[in-house]
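Here are the chains, one letter per residue:
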Amino acid sequence: MSHIKVELKQEQVAKLKEICKSFDNEAGELINVLHKTQETFGYLPAEVQEVIARELNISVAKVYGVVTFYSFFTMIPKGKHPISICTGTACYVRGAEKVLDEFKRILDVKVGETSPDGKFSLSCLRCVGACGLAPVVSVGEKIYGRVSPDGVKDILKEYE
Amino acid sequence: MHLLVCGGTGCRASASDSIIEKFKTEIAAKGLENDVQVILTGCFGFCEKGPIVKVLPDNTFYTQVKPEDVAEIVAEHVIKGRKVNRLLYIDPTNQEKISDAKHMGFYRKQIRIALRNCGVINPENVDEYIARDGYHAIGKVLKEYTPAQTIDIIKKSGLRGRGGGGFPTGLKWEIASKNAADQKYVVCNADEGDPGAFMDRSVLEGDPHSVLEAMAICGYCIGATQGVIYIRAEYPLAITRLKIAIKQAREYGLLGKDIMGSGFDFDITLRYGAGAFVCGEETSLIHSMEGLRGEPTNKPPFPAESGYLGKPTNVNNVETFASVPVIILKGADWFSSIGTEKSKGTKVFALAGKINNVGLIEVPMGTTLREVIFEIGGGIKNGKKFKAAQTGGPSGGCLTEKHLDTPIDFDNLIAAGSMMGSGGMIVMDEDDCMVSIAKFFLEFTVEESCGKCAPCRIGNKRLYEILERITNGEGTMEELERLRNLSLVIKDTSLCGLGQTSPNPVLSTMDNFYNEYLAHVNDKKCPAGQCKSLMKYVVEPEACVGCTACARNCPVNAISGERKKPHLIDTAICIKCGACIEKCKFNAISIK
């Protein structure tokens, strides 16, 4: 869990309230609220969760419980270029692990971490459904297919 | 003339968007807008060779089309009527070019029911769905049948749930219909979390209206006016297409109040998953829809009695729904004439792994694994030997050579120690280590276990640790015994389907490939050469010419040696990445 203290600006709090309001401040809409919030803020730090809990009239613990339960939600800011390596079965049998190792080695970060310069973050995801292109890597919105460990350098070069 | 361009996720990742744009500008430049239509479609299934462009009416099938090929297709095929030979599919068995898609081995054995419109219509245009008999089934039901009669048709058809369990769909509807309540819900489970499976996504991307129509039919049958589609947030394209489809259906009065003047109200909303495999389990899914942690609860009560917000809820999978409208139109007898005695109709499989034709296929129940892998799938990649096919994902098991001629249906797969699951089928060849595969699935389960019950939360972790020791060469015979016993206990004592099936990959690989386990434990060897800890890279001094290619490419400088003299790998430094083997032109490096 991150211990970075985040000071929310007034307009950010207003934005959060607006998001909650768009879902009628309904506790049952928590997951949709979190999706929308993460889309807007990039991640869900504790301070953001507190505001949401207040607005939806539920405990912070409940919000935190949901945020940490689902892998889609993150409390750590993603890098400027979030890298995801598909480790679904199809990609696994076609060598995704070696590709992942190469990213870890070059960037010197673990899965779930962001590089110190904030440029790249590394994560694994399970199946984007492009199994015909296995192994698959996505950087931001862009998808790279049939990636080999050798090709990792070239992908990273595109973002230098 | 129609030009169909695949707009599925796989093909879009290879620039099918810009292919469509190019076609449109090219066609416009030649002034052919009135004669040639460029249509974005759902998945053709043949993802291996994407992006796919299909030309109608002559049924020409172009594979791996690039934006730069567009001008040639227009100039040659569209204008002069000459096929662009170099883009035709080549049959891997005889190297012949195939110009008509129906002669492709990939399609020959398929019957498309759930996928009937995928790759045929534009999923973003409701008119095209209607032109293919879309929304006729709901019209027929509302006009001619009572809810009970409709349920009867579904029951007689023999349709069973395509999400994995295989529960009879008609019976499920009947139970939900009999529970009286002021409000009931129809839920579509589109939380396809099984890694390596993309059936539901392709249906939603390629033919979203068929799911909407079936949900309305279900609503009419059970007495629900509200439908909810629970879909993974990881499927942005499917979400976009569903939103468009719901909007169009509402505009046409096919969803909303008083559908087709019948007095029946039904509307559909979307709920997003957030990346939790356990949410495919229906009680977990319902909790997640309520904005809670997606943890399962004991059944009974079944969702049909007390589900979403405590009301009777009927949950079906995407593929199950997609089959419903056709059954209504063509009749229960037609559907039940396809398939085996207890498994009727067809099943969609996502074929992936070490197979030539990766893609989405739909075959009659009872098709054999041999037909799927060697005829439709075109055999194993790079001429390697078939070793196993994993079905049912992390809940399933593997089928081996001895199962090649078993007809695939719900019951035969269970008898073979696997299960249908949602339809992922991952093919493995001789280079895959089955102990590692079991470990891979356990790693997945450990990560995805919700943690509510102890057998699943703690037991699976222990299984994973034992497997890790075995693949590291530290396993013992007692541990092999413990692996099996613990697996059986977890199966018997877990709360929900996830835990009850999670040891299946372990048990099934132990049953079919026990020798591989023994090799890891007794001989400290990995027969497939996959387990890093059990292998050593060595230079064969006779074959090495001292070209230094390996030493220059070693990422950790573990290789030393003078030019033109045999090199040496320092095993203490070597990280076994395999870079040297790939760079060596003289096959002088081997794994021991």
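Novice: Account for the packing of helix H18 (residues 454-471) of chain B against helix H19 (residues 477-493) of chain B, with residues named and values stated.
Specialist: Residue and element names in this part refer to chain B. Running from amino to carboxyl end, H18 crosses H19 at an angle of 160°, the nearest separation of the two axes being 10 Å. Between H18 and H19, the angle is such that the two are roughly antiparallel. Relative to H19, H18 is oriented so that their crossing is left-handed. In this structure, H18 contributes Pro455, Gly459, Asn460, Arg462, Leu463, Ile466, Leu467, Arg469 and Ile470 to the contact, and H19 contributes Glu479, Leu480, Leu483, Leu486, Ser487, Ile490 and Thr493. In terms of residue class, the contact of H18 with H19 is made up of nine nonpolar, four polar and three charged.

Novice: With reference to specific residues and values, describe the sheet that holds strand E13 (residues 386-391) of chain B.
Specialist: Residues and elements named next belong to chain B. The strand order across the open sheet built from five strands is E12-E11-E15-E13-E14, with neighbouring strands paired in mixed fashion. This sheet does not close on itself; its edge strands, each paired only once, are strand E12 (359-364) and strand E14 (397-400). Neighbour-to-neighbour, the strand axes of this sheet turn through a mean angle of 30°, independent of strand direction. Note: strand E11 (residues 346-353) against strand E15 (residues 424-429), four bridges, orientation parallel. Looking at E15, one finds that Ala350 is bridged to Gly424. Against the sheet, helix H9 (residues 199-206) contacts E11, E12 and E15, and its axis sits at roughly 115° relative to E11. Docked against the sheet, helix H15 (residues 369-376) engages E11, E12, E13, E14 and E15, running at close to 115° with respect to E13.

Novice: Hey, could you go over the sheet that holds strand E3 (residues 53-56) of chain B for me, with residue numbers and the actual values?
Specialist: Residues and elements named next belong to chain B. Ordered by their spatial adjacency, four strands build an open sheet running E2-E1-E3-E4, and the pairing between neighbours is mixed. Both edges of this open sheet fall to strand E2 (37-41) and strand E4 (60-62), since each of them pairs with a single strand only. Averaged over all neighbouring strand pairs, the angle between strand axes comes to 20°, with direction disregarded. In this structure, strand E1 (residues 2-6) lies alongside E3, joined through four bridges in antiparallel fashion. Note on E3: the bridge partner recorded for Leu4 is Lys54. Lying on the sheet, helix H2 (residues 16-29) is in contact with E1, E2 and E3; it crosses E1 at an angle near 160°.

Novice: Provide a residue-level description of the domain arrangement of chain B, including the pertinent values.
Specialist: Interface extent is often summarised as the accessible area lost during association of the parts. Domain boundaries assigned for chain B yield domain 1 (2-103), domain 2 (126-335), domain 3 (346-429), domain 4 (434-523) and domain 5 (536-591). When each unit is reduced to the centre of its C-alpha atoms, the spacing between domain 1 of chain B and domain 4 of chain B is 46 Å.

Novice: For the pattern of salt bridges, give the residues involved together with the corresponding values.
Specialist: This structure, assessed with the given rule, holds 45 salt bridges over all chains. A salt bridge links B:Lys311 to B:Asp182, with the nearest nitrogen and oxygen atoms 3.0 Å apart. Within this pair, whereas B:Lys311 is found in the loop between helix H12 (282-289) and strand E10 (313-317), its partner B:Asp182 is found in the loop between helix H8 (169-178) and strand E7 (185-190), the two being separated by 129 residues in sequence. Its relative accessible area of 68% is what places B:Asp182 among the exposed residues. Among the salt bridges present, the one from B:Glu251 reaches B:Lys247, with a minimum N-O distance of 3.4 Å. In this pair, B:Glu251 and B:Lys247 are both assigned in helix H11 (residues 236-251), four residues apart and thus about one turn of the helix distant. We note that B:Glu251, like B:Lys247, is exposed. By sharing partners, the salt bridges in this structure join A:Arg94, A:Arg146, B:Glu48 and B:Lys381 into a single network.

Novice: Outline the packing of helix H17 (residues 434-448) of chain B against helix H21 (residues 504-512) of chain B, listing residues and values.
Specialist: Residue and element names in this part refer to chain B. Running from N to C, H17 and H21 cross one another at 170°; their axes reach a closest spacing of 8 Å. Taken together, H17 and H21 sit at an angle that is classed as roughly antiparallel. In this structure, H17 contributes Met434, Ala438, Phe441 and Leu442 to the contact, and H21 contributes Pro505, Val506 and Thr509. Looking at side-chain class alone, the contact of H17 with H21 contains six nonpolar, one polar and no charged residues.

Novice: Account for H12(B), naming residues and giving values.
Specialist: Of all eight residues that make up H12(B), eight are buried, and the element is covered over most of its length. Within the sequence span of H12(B), burial applies to B:Glu282, B:Thr283, B:Ser284, B:Leu285, B:Ile286, B:His287, B:Ser288 and B:Met289. Looking at the buried residues of H12(B), the elements they touch are helix H2 (30-41) of chain A together with H8, E7, strand E8 (226-231), strand E9 (267-272) and E10 of chain B. Count one or two residues on from H12(B) and you reach B:Gly291, which has phi positive near 85°.

Novice: Outline the interface of chain B and chain A, supporting the account with residue identities and numerical values.
Specialist: On the side of chain A, 37 residues touch chain B, which itself brings 56 residues to the contact. Of the roughly 3500 Å² buried where chain B meets chain A, counting both sides, 57% is carbon and sulfur surface. When the buried surface of chain B facing chain A is broken down by residue, B:Ala274, B:Arg293 and B:Phe440 rank first, second and third, together holding 17% of it. Our enumeration of links across chain B and chain A arrives at five salt bridges. Here A:Asp101 and B:Lys532 are joined by a salt bridge, their closest N and O atoms 3.2 Å apart. Run the count over chain B and chain A and you get 13 residue pairs in polar contact (both at pLDDT 80 or more). When residues of the side of chain B that touches chain A are assigned to their parent elements, the largest contribution, six residues, is made by H17(B). Within the side of chain B that touches chain A, the residues separate by chemical class into 29 nonpolar, twelve polar and 15 charged.

The rules we used
- Residues numbered from 1 in each chain as written.
- Chains lettered and ligands numbered in written order.
- Predicted model: local features only at pLDDT ≥ 70, side-chain atom pairs only at ≥ 80, totals over all residues.
- Heavy atoms only, no water.
- Axes fitted to C-alpha atoms, helices over the stretch in contact; angles between N-to-C directions.
- Helix = DSSP H or I, 4+ residues; strand = E, 2+ residues; numbered from the N terminus.
- Parallel < 35°, antiparallel > 145°, perpendicular 65-115°, else oblique.
- Left-handed = near helix turned anticlockwise from the far one by under 90°.
- Contact = heavy atoms within 4.5 Å.
- Nonpolar A, V, L, I, M, F, W, Y, C, P; charged D, E, K, R; others polar.
- Pairing = 2+ DSSP bridges.
- Domains from an automatic or database assignment.
- Salt bridge = Lys/Arg side-chain N within 4 Å of Asp/Glu carboxyl O.
- Buried < 20%, exposed > 50% of the residue type's maximum accessible area, 1.4 Å probe, protein only.
- Buried area = accessible area lost by both parts, 1.4 Å probe.
- Polar contact = N/O pair within 3.5 Å; in protein donor to acceptor, adjacent residues only side chain to side chain.

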